[in-house]
Amino acid sequence: MLWEAVRLAYTAIIRNKLRSFLTVLGVVIGVAAVIAMVTVGEGSSAQVKASVERLGTNVLVLRPGRARMGPPSAEPVPRFTLKDAAALAELSIVAQVAPQANGTYSLVAGNANSSAQVSGTTADYLKVQNWPLALGRAFEPGEEAAGASVCILGQTVRDKLFGSSDPLGESLRVRGLACEVIGVLSARGAGSFGQDQDEVVLIPVKTMHRRLQGDTNVGSISVALLKSVDSATGIRAVQALMRDRRDIEIGAADDFSVTDMKDFNNLLSGVNSVMAGLLSAVAAVSLLVGGIGIMNIMLVSVTERTREIGIRLAVGASGGQVLMQFLIEAIVLSVLGGAIGIGLGLALAWGGSIYLAVPFTPSAMVIALAFGFSAVVGVVFGFFPARRAARMDPIEALRHQ
Amino acid sequence: MSAPAPSTPLIAFRDVARSYGAGEAEVKALAGVSFQIGAGEFVAIMGPSGSGKSTAMNIIGCLDRPSAGEYLFKGIPVQGLDQDRRALLRRHALGFVFQGFNLLPRQSALENVELPLIYKGLPADTRRALAREALRKVGLDGREGHDPSQLSGGQQQRVAIARALAGGPSVILADEPTGNLDSARSHEIMRLLQALNRDEGITIVMVTHEDPIAHYAKRLMVFTDGHLTRDEPVRERA
């Protein structure tokens, strides 16, 4: 009997292909939206979570300039220097310090050329960032002190310039500077904002200063705190030292900022979960609208098929059997819509993940849930029309033209 | 062989009344009618429109219930049964043939005949076998796959009769079965019903307004203004 009803529903749906499609369009769009949004959302949450986990200890990032919103201040702010980094390294609560002097430069290796962010830094940068090498070695202390022409490549740069060949020992020209490739970083993927973290070249900071930048400014300083130190204590100590070094009077505001990377990532995942909540609300509304669409067409269908219902009742169908027939038709419709929506949603999520450079992580639970919800939509919104069909008076129904 | 009423008649009306509406607008379609129909009878019901003959048919067919009086089908008081229990009676003991055929469009003849068997919960192969057998009895073997739209009126009515027959009913109720057919087709259908009554022992109750059609029956009941005004054996045709 159940199978008969499914078969009947299928025939009725196939008979009116265009109408059936339009009927379920609401559910298709609703489910596709949920699947796409949740899948992309989970991908980006996973990414933020991964970057939180990568930072083994608390990392503070210091930048010159006030931490405030709005246009940058007109008065010049003193830059950081390598001496600031050295002073920070003296603090007892600090594990490692890595100064960074950044710039974007053109890169040439053989016939291939590209451009990337070039960071002048120290070997400790890899420890602060908890970023292992895939190939080769880090800078030697001697190379750092001498400002040697050596560089470490991010995976994207390696792929672009050297393809699958071994880059170690090869020469890379960074603007005018020819340097030897001594290492390759492991792949890290997209950052919290979707930027490619692997599109980077590391060189010793002194090399950066002398050969590329032409001054001794340090753009930012990353400070890894000891595991035993909580970030609030760390921030206070770092602020006190820097205020002292920069001669900021008591009561005056800092002219530099200290960002706790963990807080920052937690904030990002907070934003992500708010987004997920909003998206779920949108999804619920679109499923509701889709359900009303199904109810509407099912009501029309019941009216159109009054005579058929009369015939079925006359030959001995009970009200319950007629109810089941129409309910199953509504469920088959909405589940069909759900299935199309899942396919469409996964395709959208796949495209979106590539575009936003987040991992594509389809979740079986979300798919099952979307499928379940579309079935529930069929039951809820199919019930009223089905009950109307079941309660028909067979005599009236047979008389209906 | 006008069957003598057995101890428990198949159909028994006792002072059956049916009225629609209430108060001033109340219409009495049937005003206290009593009769019995035994197993194996072939009854023609006649009367002008509004005489109550359709109401009587609907009550016999368990599609409607009397508002007063008693209707016993095989001794079961139908007036006390709800929709679903009456559906059960229709499913297991009654077959309907309508003036407008009432076949499901876009379903093959075989599928149409299978319809009541689905509600009986029979497995697909049993249904198919019974439906084929019923189509054979009405002379439509070879047309199982045809759509109603591919069949003539007479053939469509045969499919409808096969549908009524397939479930092995005690009674076939035919409401103006020849009303949409030409004279030649009408007589073919009547000879078919007559044969089913004679050979299968199926009781047939038929509403008609054509005298020649009524002559195929063995008993004639005439309704006028909600009363049974004539009830007599049909004379052999000259």
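Keep in mind that this is a model prediction, so the values were computed, not measured.

S.K.: It is not clear to me how the overall build of chain B should be interpreted in this structure. Could you clarify?
M.R.: Of regular secondary structure, chain B possesses seven helices and 10 strands. The C-alpha radius of gyration computed for chain B amounts to 18 Å, which stays within 12% of the reference 18 Å derived for 238 residues, consistent with globular compactness. By principal-axis analysis of the C-alpha atoms, chain B measures approximately 50 × 45 × 40 Å. Looking at chain B as a whole, 53% of its 238 residues qualify as buried. For chain B, restricting intrachain contacts to residue pairs at least 6 apart in sequence, the fraction spanning at least 24 positions comes to 68%. Surface accessibility of chain B: about 10200 Å² in total, with carbon and sulfur atoms responsible for 48%.

S.K.: I keep staring at the packing of aromatic side chains and nothing clicks. Help me out?
M.R.: Here the structure, examined in full by the defined rule, presents three aromatic pairs over all chains. When the centroid spacing of 5.9 Å and the interplanar angle of 5° are considered together, the rings of B:F96 and B:F98 count as stacked. The same class applies to B:F96 as to B:F98, namely buried. Put simply, the rings of B:F13, B:F35 and B:Y71 pair up and form one aromatic cluster. For A:R188, the ring lying beneath its charged end belongs to A:W131, and the centroid distance is 4.4 Å.

S.K.: Please clarify how the interface of chain A and chain B should be interpreted in this entry.
M.R.: Size of an interface: often given as the accessible area lost when the parts come together. Counting from both sides, the interface comprises 25 residues of chain A and, opposite them, 22 residues of chain B. Summed over both partners, the interface of chain A with chain B comes to about 2000 Å²; 56% of that surface belongs to carbon and sulfur atoms. Together, A:R15, A:I311 and A:V315 form the three largest contributors to the area buried by chain A at its contact with chain B, with a combined 27%. Taken together, the links from chain A to chain B amount to one salt bridge. The residue A:R7 makes a salt bridge to B:E111 at a minimum N-O spacing of 3.9 Å.

S.K.: Would you take a moment to explain the pairing of strand β6 (residues 171-174) of chain A for this structure?
M.R.: If a strand is regular, its side chains alternate between the two faces of the sheet. Residue and element names in this part refer to chain A. Because side chains alternate across β6, one face comprises the buried residues L172 and V174, and the other comprises S171 and R173, none of which is buried. Bridge count for strand β2 (residues 94-109) against β6 is two bridges, and the pairing is antiparallel. Directly across from L107, in β6, lies its bridge partner V174. One ladder, built from four bridges, connects β6 with strand β7 (residues 177-185); its direction is antiparallel. Bridge pairing in β7 places V174 opposite L177.

S.K.: Which parts of the structure should I look at to understand the domain arrangement of chain A?
M.R.: Each domain of chain A was delimited in the assignment, giving domain 1 (2-51 + 266-399) and domain 2 (78-254). A separation of 52 Å is found between the C-alpha centroids of domain 1 of chain A and domain 2 of chain A.

S.K.: I tried to follow the environment of B:G154 on my own but got confused; where do I start?
M.R.: Residues and elements named next belong to chain B. Take G154: it is sitting in helix α5 (residues 153-166). Judged by relative accessible area, which is 7%, G154 ranks as buried. Sequence spacing of G154 and A129 is 25 residues, and the spatial spacing of their C-alpha atoms is 23 Å.

S.K.: Please explain a nonpolar patch on the surface as it appears in this structure.
M.R.: Residues and elements named next belong to chain A. There is a patch of nonpolar side chains on the surface, built from M365, L369, F373, V376, V379 and V380 and spanning about 560 Å² of accessible area. Note that L369 resides in helix α12 (residues 364-390). Note on L369: relative accessible area 45%, which makes it partly exposed.

S.K.: What is the right way to read the pattern of salt bridges from this model?
M.R.: Should the charged atoms of two oppositely charged side chains come close, the side chains can pair. All names here are of chain A. Across all of its chains, the model carries 28 salt bridges over all chains by this definition. Of the charged contacts in the structure, one is a salt bridge between E304 and R19, with a shortest N-O distance of 2.8 Å. Note that E304 is positioned in helix α9 (residues 261-304) and R19 in helix α2 (residues 17-54), a separation of 285 residues in sequence. Judged by relative accessible area, R19 falls into the partly exposed class, the value being 24%. Via salt bridges that share partners, R305, E308, R312 and E329 belong to a single interconnected network.

How each quantity is defined
- Residue numbers here run from 1 along each chain, matching the order of that chain's written sequence.
- Each chain takes a letter, starting from A, and each ligand takes a number, starting from 1, following the order in which they are written.
- Residues qualify for local features only when their pLDDT is at least 70, as the model is predicted, and side-chain atom pairs are given and counted only at 80 or more; totals for whole chains, interfaces and linings, by contrast, use all residues.
- As a convention, hydrogens and water are excluded, and side-chain values are obtained from all of the structure's heavy atoms.
- Counting from the N terminus, the helices are the DSSP runs of H or I reaching at least four residues and the strands are the DSSP runs of E reaching at least two.
- Only C-alpha atoms enter the radius of gyration, while the globule expectation follows 2.2 Å times N to the 0.38, with N the number of residues.
- With a 1.4 Å probe rolled over the protein chains alone, any residue whose accessible area is under 20% of its type maximum counts as buried; one over 50% counts as exposed, and the rest are partly exposed.
- Pairs of residues are marked as contacts when any of their non-hydrogen atoms sit within 4.5 Å.
- Under the convention used here, a 1.4 Å probe and the Shrake-Rupley method define accessible areas, while residue burial counts only the protein chains that appear.
- Any Phe, Tyr or Trp ring, taking Trp's six-membered ring, that has another such ring centre within 6.5 Å forms a pair; planes under 30 degrees apart are called stacked, those over 60 apart edge-to-face, and the others tilted.
- Here, a charge over a ring is recorded when the distance from Lys NZ or Arg CZ to the ring centre is within 6 Å and its angle to the ring normal is within 35 degrees.
- A quick way to say it: buried area is the sum, across both parts, of accessible area lost when two parts are put together, with a 1.4 Å probe.
- Put simply, a salt bridge is a Lys or Arg side-chain nitrogen that is within 4 Å of an Asp or Glu carboxyl oxygen.
- In this analysis, strands are considered paired if DSSP registers two or more bridges between them.
- The source of the domain bounds is an automatic or database domain assignment.
- Think of a patch as exposed residues, more than 30% relative accessible area, with no salt bridge, where like charges cluster within 9 Å and nonpolar side chains (Val, Leu, Ile, Met, Phe, Trp, Tyr) cluster within 5 Å.

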